[in-house]
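In case you want the letters, here they are:
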Amino acid sequence: MRIFIALSLVLLSTAASAAPDPLLDKVIAGAKAVPASGIAFDRVAKGVSQEKSGATETTVKVDRWDGKQMTPVSIDGKPVTTEDAARIRKETAGRPVPGYHRIADYLSGGARRVPSADGRIVYRIDKLPKGSINISGDRSADMVGEAVIDASGAVPIVSRLRIFLPKPLSFFMVAKLDSFEVVNDYRPGPGGRPALFHSLQTMAGSQFGKTGTTRTDVTYTPLR
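Participant: Hey, could you run me through the overall build of the protein chain in this one?
Facilitator: Scanning the protein chain from N- to C-terminus turns up four helices and twelve strands. C-alpha extents for the protein chain along the principal axes are approximately 70 × 50 × 40 Å. The buried share of the protein chain, reckoned over its 224 residues, is 35%. Considering only intrachain contacts with a sequence separation of at least 6, the fraction spanning at least 24 residues in the protein chain is 47%. Just so you have it, the protein chain exposes about 13,600 Å², and 57% of that area is on carbon and sulfur atoms. If the 31 positive side-chain charges of the protein chain are averaged to one point and the 22 negative ones to another, these points end up 3 Å apart.

Structural data, given as structure tokens:
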């Protein structure tokens, strides 16, 4: 009886395993071939926050990744002070470096191909890696993603990654996230390797009774 049960469990496990997906494997392998240590870029992030009252705040930040560390360059056109640089590094410590290499992390967790009305190749990501989305804490488990594949070239790549909140989220008893979306666009960069060129993040919600929206437009200029 024990042998029969063990055999049944093996059979069930085999039946439940995902079917081979050569296209997905190629995309993941391509992303792993572009590690964070092998890229460098300048990043310009323009953030606009608007409260329901109409009050608006705009911030423009510039920084650079050289393959080893992220260095703040300027805030609102002014060079970053030593104090600001220390504060920013502390706030961002442990966060993953943005780039095409992150595609491997997103897709390796169990992405599945889903139908697309416009004929595109789309993979659904039901579970994001920890640390992907930080909004007053790690909110990755509450998000889902969709990756659009461009298979027109010799090597298939993700041309667009969309991460979004499928339903409103409340946390800390005083905050609510009504909507959240990040759209990353990728295309061949230096040496023909895929690179992250643009990211747009939008969110709406409330905290401590204040309701508002934020929009962060980020441009990446690959250096190598």
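Participant: I'm lost on the packing of aromatic side chains in this one. Help?
Facilitator: Aromatic ring pairs are described here by two measures, namely the spacing of the ring centres and the angle between the planes. As enumerated under the stated definition, the model contains three aromatic pairs in all. Centre to centre, the rings of phenylalanine 41 and tyrosine 220 are 5.3 Å apart; their planes meet at 75 degrees, and the pair counts as edge-to-face. In this pair, phenylalanine 41 is assigned in strand β1 (residues 41-51) and tyrosine 220 in strand β12 (residues 210-222), connecting sequence segments 179 residues apart. Each member of the pair phenylalanine 41 and tyrosine 220 is classed as buried. Arginine 139 extends its terminal NZ or CZ atom over the ring of phenylalanine 172, reaching a point 5.4 Å from the ring centre. Taking NZ or CZ as reference, arginine 162 lies 3.9 Å from the ring centre of phenylalanine 164, over its face.

Participant: I keep staring at the pattern of salt bridges and nothing clicks. Help me out?
Facilitator: Note on pairing: side chains with opposite charge can pair once their charged atoms come close. In total, this model carries 13 salt bridges according to the counting rule given. The residue aspartate 84 makes a salt bridge to arginine 87 at a minimum N-O spacing of 3.3 Å. Taken together, the residues span about one helical turn, with aspartate 84 and arginine 87 both in helix α3 (residues 82-92) at a distance of three residues. Ionic contacts of the salt-bridge type, sharing partners, join the residues Arg112, Arg124, Asp126, Glu146, Arg162 and Glu181 into one network.

Participant: Could you clarify how one ought to interpret the environment of isoleucine 39 in this entry?
Facilitator: Its location among the elements puts isoleucine 39 in the loop between α2 (22-32) and β1. Residues isoleucine 39 and glycine 99 lie 60 residues apart in sequence; the distance between their C-alpha atoms is 8.3 Å. Ignoring sequence-local partners within four residues, the contact set of isoleucine 39 consists of Val34, Trp65, Asp66, Gly67, Pro98, His101, Arg193 and Arg224.

Participant: Which parts of the structure should I look at to understand α2?
Facilitator: One turn of an α-helix holds 3.6 residues; hence residues three or four places apart share an orientation. Leu23, Leu24, Val27, Ile28, Gly30 and Ala31 are the residues of α2 that are buried. The buried residues of α2 all sit within an arc of 160 degrees when viewed along its axis, so they share a single face. What points out from α2, more than 90 degrees from its buried face, is the exposed set Pro22, Lys26 and Lys32. The secondary structure elements touched by the buried residues of α2 are α4 (102-107), β5 (112-114), β6 (121-125), β7 (144-150) and β8 (157-164).

Participant: Quick question: what am I supposed to make of a nonpolar patch on the surface here?
Facilitator: A surface patch of nonpolar side chains, amounting to about 540 Å² of accessible area, comprises Phe172, Met173, Val174 and Phe208. Locating phenylalanine 208 in the fold gives a position in the loop between β11 (194-207) and β12.

Participant: Would you take a moment to explain the side chain of aspartate 63 for this structure?
Facilitator: Position of aspartate 63 among the secondary structure elements: in strand β2 (residues 56-65). A polar atom in the side chain of aspartate 63 sits 2.8 Å from the side chain of arginine 43. In this structure aspartate 63 touches Phe41, Asp42, Arg43, Met70, Thr71, Pro72 and Val73, once residues within four positions along its chain are discounted.

About the cut-offs
- Residues numbered from 1 in each chain as written.
- Predicted model: local features only at pLDDT ≥ 70, side-chain atom pairs only at ≥ 80, totals over all residues.
- Heavy atoms only, no water.
- Helix = DSSP H or I, 4+ residues; strand = E, 2+ residues; numbered from the N terminus.
- Buried < 20%, exposed > 50% of the residue type's maximum accessible area, 1.4 Å probe, protein only.
- Contact = heavy atoms within 4.5 Å.
- Areas by Shrake-Rupley, 256 points an atom, 1.4 Å probe, with all protein chains shown as cover.
- Lys, Arg positive; Asp, Glu negative; His and termini not counted.
- Charge placed at Lys NZ, Arg CZ, Asp CG, Glu CD.
- Phe/Tyr/Trp six-rings, centres within 6.5 Å; stacked < 30°, edge-to-face > 60°.
- Lys NZ or Arg CZ within 6 Å of the ring centre and 35° of its normal.
- Salt bridge = Lys/Arg side-chain N within 4 Å of Asp/Glu carboxyl O.
- Arc of directions from axis to C-beta.
- Patch = residues over 30% accessible without salt bridge, like charges linked within 9 Å, V, L, I, M, F, W, Y side chains within 5 Å.
- Polar contact = N/O pair within 3.5 Å; in protein donor to acceptor, adjacent residues only side chain to side chain.

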